[in-house]
Amino acid sequence: MSRRRVTYYYDPDVGAFTYGLSHPMKPQRMRITHELLTAYDMLPKMHVLRAKRASAETMTRFHTDEYVHFLSRVTPENAQQLTYQGTRFLVGEDNPAFDGVFEFCSISAGGSIAAAHRLMSGQTDIAINWAGGLHHAKKREASGFCYINDIVLAILEMLRTVPRVLYIDIDCHHGDGVEEAFYTTNRVMTCSFHKFGEYFPGTGTLDDRGRGKGRGYALNVPLKDGITDEAYKSVFQPVIDKIIEVFQPSAIVLQCGADSLSGDKLGCLNLTMQGHASCVQYIRKKNIPLLLLGGGGYTVKNVARTWTYETACALGIEDDIDLNLPWNEYFEWFGPRYRLEVPESNMEDMNVKDGSLDRIRETALRYLSELRPAPSVGLQDVPRESVGEHLGVGDAYEQGPIDELDETLAQHAKFVYNLQEKAAQSDSDSEYDSDTSLARTRSRGHSRNVRGGKKRMSLLTGEYYDVPRLEEGGNGYYDLGCGHEPWALNDLPALGTKRRFFQSASRWDPALERVLAERERAGARNGRVDVGALMVNGGAEQDRSTDVGDEMEVDTEEDS
């Protein structure tokens with residue numbers, strides 16, 4: 001097998017984090033995988049790099065500022081206050097606010113972004129980040145053990161360079177976070193092979209195919225319990241062949257979630273290590289730039305075995321390594337056989353029993369045959385430095401002395417835009433008290449404003465629960481663009497209306513003869529602030545509750 005340039009990203013600190021003693025997600029599995037790679041002497045055959053950790057600003061390329069700011073502050077002690085008693089950001093028990101959660105996310109996201117950048121620069125053929133692959137994280141909340149969606153951030157980095165990216169997910173759970181992020185674009189095709197039917201996250205049917213320009217570019221292959229290697233190959237290979245033929249991707253991202261292995265604590269498929277790794281081998285033969293990411297996997301020793309073997313597949317040396325494990329720091333964990341293997345169990349394959357797999361394969365191939373040829377896109381160089389940096393214009397303090405007027409304006413601007421972070425941090429205790437009082441006020445006096453949100457499923461328990469949504473009058477939160485805005489209530493047929501993700505809340509104003517955006521309808525005036533007016537008022541915003549009739553009376557008095 002031909003050799004490829006392989007880059008492997010690893011941060012030694014990633015194994016030091018813990019979701020909790022009883023939580024099934026164990027970051028230590030990346031540490032064990034690294035020890036096996038070292039024992040098999042694979043590291044000298046790769047470029048081993050430690051990526052720069054992703055900053056909060058980098059995370060906001062996909063996630064909301066509010067959510068990223070929350071992650072940077074949350075701790076086990078203040079989680080109840082910052083999540084408003086568990087009603088936002090971290091809902092349910094799947095995603096605990098453990099110590100160092102932001103650092104863990106920065107390692108995961110930083111590795112995937114760096115791997116994508118190196119892959120697109122042509123410095124490597126295959127890039128690996130086993131700490132990535134957290135495919136459930138949403139734009140403004142955590143889900144399914146995932147806080148920051150490193151996959152979306154990596155694909156966005158790729159789209160700066162190439163026109164089309166193919167995302168393949170072989171995790172036991174549906175890759176809902178990635179699919180949702182690119183649901184309306186034809187530049188990213190998502191293909192997920194997953195268990196479906198009263199199983200987390202409860203999404204990913206054959207009929208979920210995208211919307212708008214992205215119609216047809218989201219493909220789901222729902223499976224039933226107990227699928228074996230041969231049955232999995234019979235649907236994986238023809239579907240991937242057809243996707244590559246029609247979509248012609250410039251790069252491929254393969255999420256190698258190991259909970260699809262036989263014997264996984266939370267999985268229910270029956271793949272062996274070789275069957276799982278055959279997906280990596282098959283994609284590698286396509287000679288397309290490939291990014292390998294981790295994902296789920298909750299039987300830790302099997303996860304480490306499989307990712308070690310798949311690293312060997314990326315290097316093309318899987319036939320040369322000894323399946324009898326060499327001595328390593330975790331050798332005793334792999335008893336009693338001490339072998340690099342994950343055998344299948346005696347589970348019954350429900351996919352073959354009822355013939356559903358053949359129908360799913362035929363339907364998926366029919367959907368792909370209906371797609372138009374590969375979409376084209378005009379690319380242009382996107383500068384990574386600001387205009388000021390490019391022109392050599394530095395900070396204002398470097399240009400010359402600051403006079404008294406400049407100092408005064410700077411002070412007012414900082415006050416208006418709330419940039420005094422040091423003062424906010426020093427007053428954190430009062431901030432937490434304020435959050436607590438808000439939560440108490442919500443539960444005591446505004447319970448009538450609580451409105452049922454969408455149903456969510458827990459990965460741990462498999463049970464559904466409601467995500468509460470509070471109106472503005474209840475000191476809660478609402479979603480812009482999802483039909484829950486206070487100013488959009490008159491546009492809805494009923495309070496129980498299902499969320500509409502792709503319906504804009506912008507409306508035509510016949511008086512102004514232009515479209516009013518969501519924020520304008522809320523009174524934010526497109527997010528712009530009249531600094532001069534605020535300075536005249538001493539930094540206080542003008543009272544918006546002034547009655548229109550009062551303003552007319554003032555005008556009348558002036559005219560008279």
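**Q** Tell me about the pairing of strand β7 (residues 251-255), and please be specific about residues and values.
**A** Along a regular strand, successive side chains alternate from one face of the sheet to the other. Of all five residues in β7, five are buried, a share of seventy percent or more. The alternating pattern of β7 places A251, V253 and Q255 on one face and I252 and L254 on the opposite face, and all of these are buried. Pairing of strand β4 (residues 165-169) with β7 involves five bridges; the strand directions are parallel. Within β7, the position partnered with D169 by the bridge is Q255. Sheet analysis places β7 next to strand β8 (residues 290-293), joined by four bridges and oriented parallel. Residue pairing for β8: V253 is matched across the bridge by L291.

**Q** Kindly report on the packing of helix α9 (residues 273-284) against helix α10 (residues 300-315), identifying the contributing residues and their values.
**A** Geometry of a packed helix pair, given as the angle between the helix axes and the separation of the axes. Relative orientation of the contacting elements α9 and α10 amounts to 30 degrees, with a least axis distance of 9 Å. If you check the angle between α9 and α10, you find them roughly parallel. As for how α9 packs across α10, the hand of that crossing is right-handed. Contacts between α9 and α10 pair M273, Q274, H276, A277, V280, Q281 and R284 from the former with R305, T306, Y309, E310, C313, A314 and L315 from the latter.

**Q** Can you lay out the sheet that holds β8 for me, pointing to particular residues and giving the numbers?
**A** Sheet architecture is open: eight strands sit in the order β2-β1-β3-β8-β7-β4-β5-β6, paired in parallel fashion. The open sheet has two edge strands with one neighbour each: β2 (47-49) and β6 (218-223). Neighbouring strand axes in the sheet, compared pairwise and without regard to direction, differ in orientation by 15 degrees on average. As defined by bridge partners, strand β3 (residues 126-129) adjoins β8 across four bridges and the pair is classed as parallel.

**Q** Describe the packing of aromatic side chains, listing the residues and the values that go with them.
**A** Here the structure, examined in full by the defined rule, presents 20 aromatic pairs. Ring centres of W327 and F331 lie 5.2 Å apart, and the angle between their planes is 40 degrees; on these two criteria the pair is classed as tilted. Taking the relative accessible area as the measure of exposure, W327 reaches 65% and is therefore exposed. Overall, F331 belongs to the buried group, its relative accessible area being 18%.

**Q** Describe the confidence of the model for the protein chain, naming the residues involved and giving the relevant values.
**A** Looking at the protein chain, the pLDDT average stands at 81 and 70% of residues meet or exceed 70. Across residues 418-452, confidence stays below pLDDT 50; counting only partners more than four residues off in sequence or on other chains, it has 41 contacts. Throughout residues 543-560 the model reports pLDDT below 50, and contacts reaching past four residues in sequence, or to other chains, amount to three contacts.

**Q** Lay out the pattern of salt bridges with the relevant residues and their values.
**A** Following the criterion strictly, the structure yields 20 salt bridges and no others. With its nearest N and O atoms 3.4 Å apart, the salt bridge here joins E35 to R31. Here E35 and its partner R31 are both found in helix α1 (residues 28-39), four residues apart, which amounts to about one turn of the helix. Here E35 falls in the buried class, since its relative accessible area comes to 18%. Put simply, E66 and R88 hold a salt bridge, and the shortest N to O gap is 2.4 Å. You can see E66 sitting in helix α3 (residues 65-73) and its partner R88 sitting in the loop between α4 (79-82) and α5 (101-120), a full 22 residues away along the chain. Each of D11, D13, R50 and R53 takes part in a single network of salt bridges with overlapping partners.

**Q** Give me the nonpolar core: which residues, what numbers.
**A** Within the largest apolar cluster, 138 residues are counted, with the highest numbers of intra-cluster contacts made by Y147, I155, M158, I168, F236, I243 and L292. When residues of this core are assigned to their parent elements, the largest contribution, 11 residues, is made by α5.

**Q** Pulling in residues and values, what's your account of the environment of D322?
**A** Looking at where D322 falls in the secondary structure, it is placed in the loop between α10 and α11 (350-353). On the basis of relative accessibility, which here comes to 46%, the residue D322 falls in the partly exposed class. Measuring from C-alpha to C-alpha, the distance between D322 and Y40 comes to 8.5 Å, with 282 residues separating the pair along the chain.

**Q** Which residues make up unusual backbone geometry, and what are the values?
**A** With an omega dihedral of 0 degrees, the bond running from F200 to P201 counts as a cis peptide bond. Within the secondary structure, P201 is located in the loop between β5 (188-195) and β6. Residues G335 and P336 are joined by a peptide bond in cis, for which omega reads 5 degrees. Positive phi outside glycine occurs at F89, with the angle close to 70 degrees. When you line up the elements, F89 lands in the loop between α4 and α5. For F89, a relative accessible area of 7% gives the class buried. For Y338, which is not glycine, the phi dihedral falls at a positive 55 degrees. Its relative accessible area of 29% is what places Y338 among the partly exposed residues.

**Q** With reference to specific residues and values, describe the packing of α5 against helix α6 (residues 150-158).
**A** At their nearest, the axes of α5 and α6 sit 8 Å apart, and the two run at 25 degrees to each other. Put simply, α5 runs roughly parallel to α6. As α5 runs across α6, the sense of the crossing is right-handed. On α6, the residues touching S108, A109, S112, I113, A116, H117, L119 and M120 of α5 are D150, L153, A154, E157 and M158. For the contact of α5 with α6, the class distribution of residues is eight nonpolar, three polar and two charged.

Thresholds, definitions, all that
Residues numbered from 1 in each chain as written. Predicted model: local features only at pLDDT ≥ 70, side-chain atom pairs only at ≥ 80, totals over all residues. Heavy atoms only, no water. Buried < 20%, exposed > 50% of the residue type's maximum accessible area, 1.4 Å probe, protein only. Helix = DSSP H or I, 4+ residues; strand = E, 2+ residues; numbered from the N terminus. Pairing = 2+ DSSP bridges. Axes fitted to C-alpha atoms, helices over the stretch in contact; angles between N-to-C directions. Parallel < 35°, antiparallel > 145°, perpendicular 65-115°, else oblique. Left-handed = near helix turned anticlockwise from the far one by under 90°. Contact = heavy atoms within 4.5 Å. Phe/Tyr/Trp six-rings, centres within 6.5 Å; stacked < 30°, edge-to-face > 60°. pLDDT = per-residue confidence, 0-100. Salt bridge = Lys/Arg side-chain N within 4 Å of Asp/Glu carboxyl O. Core = buried A, V, L, I, M, F, W, Y, C linked by side-chain atoms within 4.5 Å. Nonpolar A, V, L, I, M, F, W, Y, C, P; charged D, E, K, R; others polar.

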